[in-house]
Amino acid sequence: MTIQRIDTNPRMSSIVIHNNTVYLCGQVAKDKFADIQQQTRTMLEEVDELLKRAGSSRERILSATIYLKQMSDYDAMNAIWDAWLPAGHAPARACVEAAIAEPEYLVEISVIAAI
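Let me begin by describing the structure that accompanies this report. (Residues numbered from 1 in each chain as written. Predicted model: local features only at pLDDT ≥ 70, side-chain atom pairs only at ≥ 80, totals over all residues. Heavy atoms only, no water.)

**A closer look at the overall build of the protein chain**
Next up, step 1: For the protein chain, the helix and strand inventory stands at two helices and six strands.
Next up, step 2: Across the protein chain, helices and strands are ordered from the amino to the carboxyl terminus as β-β-β-α-β-α-β-β.
Next up, step 3: Whereas a compact globule of 115 residues would reach a radius of gyration of roughly 13 Å, the protein chain reaches 14 Å, a difference of no more than 12%.
Next up, step 4: For the protein chain, the spread of C-alpha atoms along the principal axes amounts to about 45 × 35 × 20 Å.
Next up, step 5: A total of 115 residues make up the protein chain; the buried ones form 41% of that total.
Next up, step 6: A fraction of 68% describes how many contacts in the protein chain between residues 6 or more apart in sequence connect residues 24 or more apart.
Next up, step 7: On the protein chain, roughly 6400 Å² of surface is accessible, and the fraction owed to carbon and sulfur atoms is 49%. (Helix = DSSP H or I, 4+ residues; strand = E, 2+ residues; numbered from the N terminus. Rg over C-alpha atoms; globule rule 2.2 N^0.38 Å. Buried < 20%, exposed > 50% of the residue type's maximum accessible area, 1.4 Å probe, protein only. Contact = heavy atoms within 4.5 Å. Areas by Shrake-Rupley, 256 points an atom, 1.4 Å probe, with all protein chains shown as cover.)

This is the structure we're talking about:
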């Protein structure tokens, strides 16, 4: 069994592929000063880009863990998530309130997908 690591630095890899499974590092928004919906939108664009690089897609997501700075953003985040997720391809998912590494970020996601 091989493990492929893409965009690796001393702390982490952006993508790890093992046994036809893709593990993405936590993704945040392109603009940390945007509102929750824009942060969610651009965060999911980053997920799309990484999945494509790994030979996968949003239709193949197995699991997603979403971290919200505040649960009061849950409905606004889900409005973007629901529009982004292809019908019939809902992954196992958890959504928790958590402190994110930089306080301006409102949302972060960790994704596992099949190739």
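Picking up where we left off.
**Re the pattern of salt bridges**
Next up, step 1: By the definition in use, this model includes six salt bridges.
Next up, step 2: Of the charged contacts in the structure, one is a salt bridge between K30 and E46, with a shortest N-O distance of 3.8 Å. Placement of K30 in the loop between β3 (21–24) and α1 (36–53) and of E46 in helix α1 is noted, with a sequence separation of 16 residues between them.
Next up, step 3: Residue class for K30 comes out exposed when judged on its relative accessible area of 51%. (Salt bridge = Lys/Arg side-chain N within 4 Å of Asp/Glu carboxyl O.)

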